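Below, each chain spelled out in residue letters.
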Amino acid sequence: MANEHQSLFRVAWLSLVILLALSVVMWGRITTSQQMALAQEQEWVEEARSGTEPTPVVQGETYLAWMYRSLGLFYSIVFLALSFTLVALVVMNLLTARREALMPSKLVEAFESLLNERKYQEAYELAKNDESFLGQVLSAGLARLSAGYSEAIQAMQEVGEEENMKLEHRLSYIALIGTISPMVGLLGTVQGMISSFSVIARSPTTPKPSELAAGISTALFTTLVGLFIAIPAIAIYNILRNRMARLVLEAGTVSEGLMSRFSPSGAARAKASS
């Protein structure tokens, strides 16, 4: 668990560094584009005053710079933070939603071999020292085996439900991002429309379309980016949830199969075979 927390801490710091670096780069691109536009506009005004034919103004702002300017610093940071957090959570859950991570084949083979040799204490230590889902379930079953087979199965089910809840809680953060992202986009949409309507309300004459473009761009880009983050987040969440549910069910079946030799019928078969 300590290694997992250290890995998550490193991922968080790496995401923060990348987020700040991208913000600085994009802010520099915006500033450069605005300076170029102002210089071109000033040059056009001077040419108009001198009586010469003005040269056409070349738009120096890229699509990415326009999107960043429309989103603003606040929405850009929020969406970048949500994006990097989503990527980190997806990678972490993909590593968790593996058969070898939940029920390692080496653990199954070694545990079964120790049970066949009647080395129950060694089998218990092996399962307890394994941090996988199957290891925690098996160690709980062996710890309660002295109270009876039914008590051992009940302990395994309780630990299995607890471990499953931990997996679901970690996975639920992906669904949370899928829910928050369109809400942030909706907030930007409302803010952008209010900004555009305030221009109309305060203008004594009919405002130019260019004066309304800033608010409308904010409204549309925040909606676009929010949906761009939410759609894959919701899809990945449902795919991983179904996969984890299937693996947890399979792990429960494997654990009960390994412990079935301690059931009354399994013990009777073992005596008969011996």
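In this text, all values refer to a predicted model and were calculated from it rather than measured experimentally.

(A) The arrangement of the nonpolar core in detail. Judged by nonpolar contacts, the single largest core of 46 residues is most densely connected at Phe79, Phe111 and Ile174. Going through the elements one at a time, helix H2 (63–96), helix H4 (105–116), helix H5 (120–129), helix H6 (133–143), helix H7 (149–202) and helix H8 (209–259) are the ones with two or more residues in this core. Here this core gets 12 residues from one element, more than from any other, and that element is H8. If we ignore the near neighbours within four places in the chain, the residues touching Ile174 are Leu86, Leu89, Val90, Asn93, Ala233, Tyr237 and Leu240.

(B) Region of interest: the pattern of salt bridges. Summed over all chains, the structure comprises four salt bridges. Notably, a salt bridge pairs Glu250 with Arg99, separated by 3.1 Å at the nearest N-O pair. With a gap of 151 residues between them, Glu250 in helix H8 and Arg99 in helix H3 (residues 99–102) connect regions that are remote in the sequence. Across the pair Glu151 and Arg144 runs a salt bridge whose closest N-O atoms are separated by 2.8 Å. Residue Glu151 is classed as partly exposed on the basis of its relative accessible area, which comes to 28%.

(C) Region of interest: the side chain of Glu163. Mapping Glu163 onto the fold places it in helix H7. Filtering out sequence-adjacent residues up to four positions away, Glu163 remains in contact with Phe133 and Gln136.

(D) Region of interest: the packing of H4 against H6. Between H4 and H6, the shortest axis-to-axis distance is 10 Å and the interhelical angle comes to 25°. In this view, H4 runs roughly parallel relative to H6, as classed from their interaxial angle. Across the interface between the two elements, Leu107, Val108 and Phe111 of H4 pack against Leu134, Gly135, Leu138 and Leu142 of H6. Of the residues assigned to the contact of H4 with H6, the class counts are six nonpolar, one polar and no charged.

(E) Quick peek at unusual backbone geometry. With a phi close to 60°, Arg118 is a non-glycine residue in the positive phi region. Position of Arg118 relative to the elements: it lies in the loop between H4 and H5. A relative accessible area of 59% means that Arg118 is categorised as exposed.

(F) Spotlight on the packing of aromatic side chains. As enumerated under the stated definition, the model contains three aromatic pairs in all. Arranged with centres 5.4 Å apart and planes meeting at 65°, the rings of Tyr120 and Phe262 form a pair that is edge-to-face. With Tyr120 in helix H5 and Phe262 in the loop between H8 and helix H9 (264–273), this pair connects stretches of sequence that are 142 residues apart. Classification of Phe262 as buried rests on a relative accessible area of 19%. Each residue in the set Phe74, Tyr75 and Phe79 is aromatic and connected to the rest through ring pairs, giving one cluster.

(G) Examining a nonpolar patch on the surface more closely. Among the surface-exposed residues, Met193, Phe197, Ile200, Ile216 and Leu220 lie close enough to one another that they form a single nonpolar patch of about 470 Å² accessible area. When residues of the nonpolar patch are assigned to their parent elements, the largest contribution, three residues, is made by H7. Tracing the backbone shows Ile200 in helix H7. Judged by relative accessible area, which is 40%, Ile200 ranks as partly exposed.

(H) Focus on the confidence of the model for the protein chain. Mean pLDDT over the protein chain stands at 78; residues scoring 70 or higher make up 73%. Across residues 52–58 the pLDDT falls below 50, and counting only partners more than four positions away or on other chains, this stretch makes nine contacts in the model.

(I) Inspection of the side chain of Ser181 at higher detail. Along the chain, Ser181 falls in helix H7. By relative accessible area, which is 0% here, Ser181 ends up buried. Excluding residues within four positions of it along the chain, Ser181 makes contact with Phe79, Leu82, Gly226, Ile229 and Ala230.

(J) Representation of the environment of Ile229 within the structure. By the element assignment, Ile229 lies in helix H8. Taking the C-alpha atoms as reference points, Ile229 and Leu82, separated by 147 residues in sequence, lie 7.9 Å from one another. In this view, Ile229 contacts Phe79, Leu82, Ser83, Leu86, Ile177 and Ser181; residues no more than four positions away in its chain are not counted.

(K) Structural context of the environment of Tyr237. Note that Tyr237 resides in helix H8. When the C-alpha atoms of Tyr237 and Asn93 are compared, they prove to be 9.5 Å apart, with 144 residues separating the residues in sequence. The residues touching Tyr237, leaving out its near neighbours within four places in the chain, are Leu171, Ser172, Ile174 and Ala175.

Reading the values: the criteria
Residues numbered from 1 in each chain as written. Predicted model: local features only at pLDDT ≥ 70, side-chain atom pairs only at ≥ 80, totals over all residues. Heavy atoms only, no water. Core = buried A, V, L, I, M, F, W, Y, C linked by side-chain atoms within 4.5 Å. Buried < 20%, exposed > 50% of the residue type's maximum accessible area, 1.4 Å probe, protein only. Helix = DSSP H or I, 4+ residues; strand = E, 2+ residues; numbered from the N terminus. Contact = heavy atoms within 4.5 Å. Salt bridge = Lys/Arg side-chain N within 4 Å of Asp/Glu carboxyl O. Axes fitted to C-alpha atoms, helices over the stretch in contact; angles between N-to-C directions. Parallel < 35°, antiparallel > 145°, perpendicular 65-115°, else oblique. Nonpolar A, V, L, I, M, F, W, Y, C, P; charged D, E, K, R; others polar. Phe/Tyr/Trp six-rings, centres within 6.5 Å; stacked < 30°, edge-to-face > 60°. Patch = residues over 30% accessible without salt bridge, like charges linked within 9 Å, V, L, I, M, F, W, Y side chains within 5 Å. Areas by Shrake-Rupley, 256 points an atom, 1.4 Å probe, with all protein chains shown as cover. pLDDT = per-residue confidence, 0-100.

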